[in-house]
Amino acid sequence: MRSRTAVVWSGALLAAALLASACTESPRVRSSTGASPTLPPETTASVLTTAPITTVRSTTTTSESTRAWTLLAGGDVLMEHSERLGLDPFEFIEPPLGSSDLSVVNVEMAISDRGTPHYKTYVFRAPPPAARRIAAGGVRVANLANNHAMDFGGDALADTIDLLEGAGVATIGAGRNIDEAYRYRILTTGGGVNVAFVGASLVVPSNFAAGSSTPGIASAHPPDLARVLDTVRAAGAAADAVVVIVHWGVEREPCPNDAQRSLSQQLLDAGADAVIGHHPHVLQPVVHTGDKLVAFSLGNFIWEPRQHMSGETGVLQVDFEGDRVVGWAFHPHLLDGDGVPGPAGSGPRVDRIRDIVDEGDCGPYRPPTTTTTTTTTTTSLPPPTGTAGS
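Residues numbered from 1 in each chain as written. Predicted model: local features only at pLDDT ≥ 70, side-chain atom pairs only at ≥ 80, totals over all residues. Heavy atoms only, no water.

1. A look at the overall build of the chain
Reasoning step 1: Looking only at helices and strands, the chain features eight helices and 19 strands.
Reasoning step 2: Here the chain holds 390 residues, and 57% of them are scored as buried.
Reasoning step 3: Accessible area of the chain: about 14500 Å², with a carbon and sulfur share of 53%. (Helix = DSSP H or I, 4+ residues; strand = E, 2+ residues; numbered from the N terminus. Buried < 20%, exposed > 50% of the residue type's maximum accessible area, 1.4 Å probe, protein only. Areas by Shrake-Rupley, 256 points an atom, 1.4 Å probe, with all protein chains shown as cover.)

Written as structure tokens, this is what we have:
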């Protein structure tokens, strides 16, 4: 596995790199060894919040204080299919998400047996045991700021939050009201580094945005964007490092668009150290400049059965020293016939993953037409014919 080392660039060059990353990126400097950064021993994080909630504290497996820590991140998680079959979709993931200091995925479904389906084309949910399986899979943080968190209404969203939190997974980007949806969460590594997580979405179906007394997700559209940026600034003042998870982009499009590049720069300027994106359902480039990183899309991580690019995924490994991103690596995976990810070492599909993620060469893989979903869904659709999406 190839690792990446930091290139010291100015803020102006960082902005230029983001603007240039639609199809290609500037070459990155590799480490002298060419080897993957070693994952630290498993640790247990303590969970803090900016709103009243039970604090989870437990012991750590190491007593040595260190500023070095590792984040593992996966893409979109939908477990209706795997739960129906009784599968553990985390079984074959390498490295295991629980082997890092912290880990995060985008939970793109309600976890509940309550509610009625929203009037939209696709609605996603999984039964309550999915929350425990996510926790057992090593996930520490679940982003809920997406266009499926409210698929079965506010009660189902409340169940999703309660079930994940009860299993020991911190949730971000959604809540019972606007204050809960926009709050940041702080987790502490075994080495004592406080890491804040923030979630927000540019894909906001009607009635999905949280209100002062109504449940929903954290919208990143103006004027709500100001609150997202304020949250990032507050998180930066309260924690050592800030990771922002964003739902954005165009489905099945391997190249980031102007809205993604613009928002990522605003988040970095506000104090984010890493920005990790989801929603396109395919992989997009990772940009590492200076001591910050943007991963535009991590694709479908656990999903329905998928082939071709929508079945190509992986584990993003980001290595930090305090608040500085000092290296990264991407571990390619492919979805099997049940939508379960497994490691992939070579072959044409892995070459394509490397081209897009590592090299930023996404242009050759763009779809031939432009009939995909945009980033600004704001109106309801007619009632769906069923309750399961594809």
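2. Details of the nonpolar core
Reasoning step 1: Of all hydrophobic cores here, the largest spans 34 residues; its most connected members are M79, L97, M109 and I134.
Reasoning step 2: Secondary-structure elements contributing two or more residues to this core are β2 (68-77), β3 (102-107), α3 (129-136), α4 (153-166) and β16 (300-302).
Reasoning step 3: Apart from residues no more than four positions distant in its own chain, L97 is found in contact with L72, F90, S103, V105, G137, G138, V139, F301 and V315.
Reasoning step 4: Within the second largest apolar cluster, 31 residues are counted, among which are A218, L225, V228 and A270. (Core = buried A, V, L, I, M, F, W, Y, C linked by side-chain atoms within 4.5 Å. Contact = heavy atoms within 4.5 Å.)

3. So, the state of the cysteines
Reasoning step 1: For the coordinates displayed, the defined rule picks out one disulfide.
Reasoning step 2: Disulfide pairing places C255 opposite C362 at an S-S distance of 2.2 Å. Judged by the sign of its S-S torsion, about 115 degrees, the cystine formed by C255 and C362 is right-handed. Taken together, the residues C255 in the loop between β12 (241-247) and α7 (258-270) and C362 in the segment after α8 (348-358) connect sequence positions 107 residues apart.
Reasoning step 3: Residue classification places C255 among the buried positions, given a relative accessible area of 2%. (Disulfide = S-S within 2.5 Å.)

4. Things to note about the side chain of K120
Reasoning step 1: Positionally, K120 belongs in the loop between β4 (110-111) and β5 (125-126).
Reasoning step 2: Taking the relative accessible area as the measure of exposure, K120 reaches 8% and is therefore buried.
Reasoning step 3: At a separation of 2.9 Å, a polar atom in the side chain of K120 contacts the main-chain carbonyl oxygen of N147. (Polar contact = N/O pair within 3.5 Å; in protein donor to acceptor, adjacent residues only side chain to side chain.)

5. Focus: the pairing of β2
A regular strand places its side chains so that they alternate between the two faces of the sheet.
Reasoning step 1: Judged by how many residues are buried, β2 sits mostly within the fold: nine of 10 residues are covered.
Reasoning step 2: Summarising the sheet, β2 and strand β17 (residues 312-321) pair through six bridges and their orientation is antiparallel. Bridge assignment links A73 to a residue of β17, and that residue is L316.
Reasoning step 3: Inspection of the sheet shows β2 paired to β3 by five bridges, in the parallel sense. Bridging from a neighbouring strand, A73 pairs with V104 of β3.
Reasoning step 4: Crossover β2 to β3 through helix α2 (residues 80-85) is right-handed.
Reasoning step 5: Note: β2 against β16, two bridges, orientation parallel. (Pairing = 2+ DSSP bridges. Right-handed = clockwise from strand over helix to strand, strands pointing away.)

6. What to know about the packing of aromatic side chains
Reasoning step 1: Within the structure shown, the criterion is met by three aromatic pairs.
Reasoning step 2: For the ring pair W69 and F320, a centre distance of 4.0 Å and an interplane angle of 5 degrees mean the geometry is stacked. On the criterion of sequence distance, the pair formed by W69 in strand β2 and F320 in strand β17 is long-range, its members being 251 residues apart. Of the two residues examined, W69 and F320, each falls in the buried class.
Reasoning step 3: Geometry around F152 places R125 over its ring, the cationic atom sitting 3.9 Å from the centre. (Phe/Tyr/Trp six-rings, centres within 6.5 Å; stacked < 30°, edge-to-face > 60°. Lys NZ or Arg CZ within 6 Å of the ring centre and 35° of its normal.)

7. A word on the environment of K120
Reasoning step 1: Sequence spacing of K120 and H148 is 28 residues, and the spatial spacing of their C-alpha atoms is 9.8 Å.
Reasoning step 2: Among the polar contacts listed, one links the side chain of K120 to the side chain of D151, at a separation of 3.0 Å.

8. Regarding the pattern of salt bridges
Reasoning step 1: By the definition in use, this model includes 18 salt bridges.
Reasoning step 2: For R176, the salt bridge identified is with D162, shortest N-O distance 2.5 Å. Within this pair, whereas R176 is found in the loop between β8 (174-175) and α5 (178-182), its partner D162 is found in helix α4, the two being separated by 14 residues in sequence.
Reasoning step 3: Judged by relative accessible area, which is 33%, R176 ranks as partly exposed.
Reasoning step 4: The partner of E251 in a salt bridge is R252, and the shortest N-O contact between them spans 3.6 Å. (Salt bridge = Lys/Arg side-chain N within 4 Å of Asp/Glu carboxyl O.)

9. Concerning α4
Since the α-helix advances by 3.6 residues per turn, residues separated by three or four positions end up pointing in the same direction.
Reasoning step 1: With 14 residues, α4 extends 20 Å between its outermost C-alpha atoms, agreeing within 8% with the 20 Å of an ideal straight helix rising 1.5 Å per residue.
Reasoning step 2: Of all the positions in α4, only A156, L157, A158, D159, T160, I161, L164 and E165 are classed as buried.
Reasoning step 3: Taken from the residues just after α4, G168 is the one with a positive phi, measuring 100 degrees. (Expected span 1.5 Å × (residues − 1).)

10. Re unusual backbone geometry
Glycine aside, negative phi is the norm for most residues, and most peptide bonds take the trans geometry.
Reasoning step 1: Looking along the chain, the bond that leaves E94 and enters P95 is cis, with omega of -5 degrees.
Reasoning step 2: Take P95: it is sitting in the loop between α2 and β3.
Reasoning step 3: Cis peptide bonds are those with omega within 30 degrees of zero, and the linkage from P222 to P223 qualifies with 5 degrees.
Reasoning step 4: Along the chain, the position of P223 falls in the loop between β11 (216-217) and α6 (224-238).
Reasoning step 5: Positive phi values are uncommon outside glycine, yet R252 reaches one of about 65 degrees.
Reasoning step 6: Tracing the chain through its elements places R252 in the loop between β12 and α7.

Everything listed here is a matter of coordinates, which is why it stays silent on function.
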